[in-house]
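# Structure assessment
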Amino acid sequence: MNFGKSFITAIDKEVGAQIFFSQFDKKDPILDYLFLDDAICLIFNDRIAKFSKKTGDLMIERKITSSGKLNYFIGNQVYIMGENERVHCLPQSDTTKIFVFTENNKILVIDDQLNVDKILDEEKLHICYLEMNHYKFVAKENTTWIINNEGQRIAEIEASPESFLIGKTLYHQQENSIIAIDLGEIIKEDDFSMN
């Protein structure tokens, strides 16, 4: 929010009593948050901080300025090509790491001590925009990979993340036209129900 002071608080859901309240400088907005097992991780413009879920106390904080302003944590909709040509969910590829997107289109891979372990290029990322029983549709611009549950690419088609499925047909807008792609030849009949 662009007004007021940023804060985190914990409320006992049974009785409504406040457990803790931690407030931050007005000039320092919280850009994104991520719940970890025992902590809440927050992104500010130039740093990441980890706070205890039990007490709200600051556990660790790191200033990060090498890749531009920090934007947000990368979620499970982001996929990347891994070893053996397998496509996998980026955050699930290493659950000991946190993945942060920056204003310079870089992905910071951050360890549990909030140190930058490595930097990935945004060009390698694909966004999952559709899931079916045994398939995911992941796109980069106007190219979609259809991948199975093992992360194997079973097809590559021209379709963007704005594409949508009706029945067995995937619809994709291209300039002033709507392209219809029949998926019946690619996906088995039983797999056309959505998750």
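Scroll up for the structure.
Residues numbered from 1 in each chain as written. Predicted model: local features only at pLDDT ≥ 70, side-chain atom pairs only at ≥ 80, totals over all residues. Heavy atoms only, no water.

## Brief notes about the pairing of strand 10 (residues 98–102)
When you tally the buried positions in strand 10, you get five out of five residues, the bulk of the element. Going residue by residue along strand 10, you find I98, V100 and T102 tucked away on one face and F99 and F101 tucked away on the opposite face as well. Direction of pairing for strand 7 (residues 70–73) relative to strand 10: antiparallel, over a ladder of three bridges. Bridge pairing in strand 10 links L70 to T102. Sheet topology places strand 10 next to strand 11 (residues 106–110); four bridges connect them, and they run antiparallel. (Buried < 20%, exposed > 50% of the residue type's maximum accessible area, 1.4 Å probe, protein only. Helix = DSSP H or I, 4+ residues; strand = E, 2+ residues; numbered from the N terminus. Pairing = 2+ DSSP bridges.)

## A few points about unusual backbone geometry
Although it is not a glycine, E141 sits at a positive phi angle of roughly 55°. Among the secondary structure elements, E141 is positioned in the loop between strand 14 (135–140) and strand 15 (143–148). Judged by relative accessible area, which is 63%, E141 ranks as exposed. Even without being a glycine, E175 presents a positive backbone phi close to 55°. With respect to the secondary-structure elements, E175 resides in the loop between strand 18 (169–174) and strand 19 (177–182).

## Re the environment of I64
As for its position among the elements, I64 is in the loop between strand 6 (58–63) and strand 7. In this structure the C-alpha to C-alpha distance between I64 and D46, which are 18 residues apart in sequence, comes to 5.4 Å. Among residues more than four places away in sequence, those in contact with I64 are D46, R47, I48, L70, L108, I110, L114 and V116. (Contact = heavy atoms within 4.5 Å.)

## Some words on the layout of surface pockets
Put simply, the largest pocket is a space of about 470 Å³. In terms of lining, the largest pocket is formed by 21 residues, of which the most central are L34, L36, T95, K97 and I98. For the lining of the largest pocket, the secondary structure elements donating two or more residues are strand 3 (32–35), helix 1 (90–93) and strand 10. A class-by-class count of the residues in the lining of the largest pocket yields nine nonpolar, five polar and seven charged. (1 Å grid on protein atoms, 1.4 Å probe; cavity = no way out; pocket = protein on both sides within 12 Å on 5 of 7 lines; lining within 4 Å. Points joined across faces, edges and corners; volume = space filled by probe spheres on them. Nonpolar A, V, L, I, M, F, W, Y, C, P; charged D, E, K, R; others polar.)

## Notes on the nonpolar core
Counting residues in hydrophobic clusters, the biggest one holds 15 residues, and the most contacted among them are Y129, F137, I146, I157, L170 and L183. The dominant element in this core, judged by the number of residues it contributes, is strand 14, at three residues. When near neighbours in sequence (up to four residues on either side) are disregarded, Y129 contacts F137, V138, A139, T144, A159, S160, P161, S163 and L170. Formed by 12 residues, the second largest nonpolar core is a distinct cluster that contains I43, I64, L70 and L108. (Core = buried A, V, L, I, M, F, W, Y, C linked by side-chain atoms within 4.5 Å.)

## Things to note about the sheet that holds strand 8 (residues 78–81)
In sheet architecture, strand pairing relies on hydrogen bonds along the backbone and comes in two forms, parallel and antiparallel. With antiparallel pairing, six strands are arranged side by side in an open sheet as 9-8-13-14-15-16. In the strand order of this sheet, the two ends are held by strand 9 (87–89) and strand 16 (153–158), each with one partner. Across the sheet, the axes of successive neighbouring strands diverge by a mean angle of 35°, strand direction being ignored. Two strands pair when backbone bridges link them, and strand 8 and strand 13 (residues 125–131) are joined in this way by three bridges, in the antiparallel orientation. If you follow I80 over to strand 13, its bridge partner there is L125. (Axes fitted to C-alpha atoms, helices over the stretch in contact; angles between N-to-C directions.)

## Points about the pattern of salt bridges
In the structure shown here, the tally under the stated rule is five salt bridges. The salt bridge partner of D46 is K63, with a shortest N-O separation of 2.7 Å. Remark: K63 occurs in strand 6 and D46 occurs in the loop between strand 4 (39–43) and strand 5 (47–52); sequence separation between them is 17 residues. Two residues, R153 and E156, come together in a salt bridge whose shortest N-O distance is 3.5 Å. Taking relative accessible area as the criterion, E156 reaches 53% and is therefore assigned exposed. By sharing partners, the salt bridges in this structure join E85, R153 and E156 into a single network. (Salt bridge = Lys/Arg side-chain N within 4 Å of Asp/Glu carboxyl O.)

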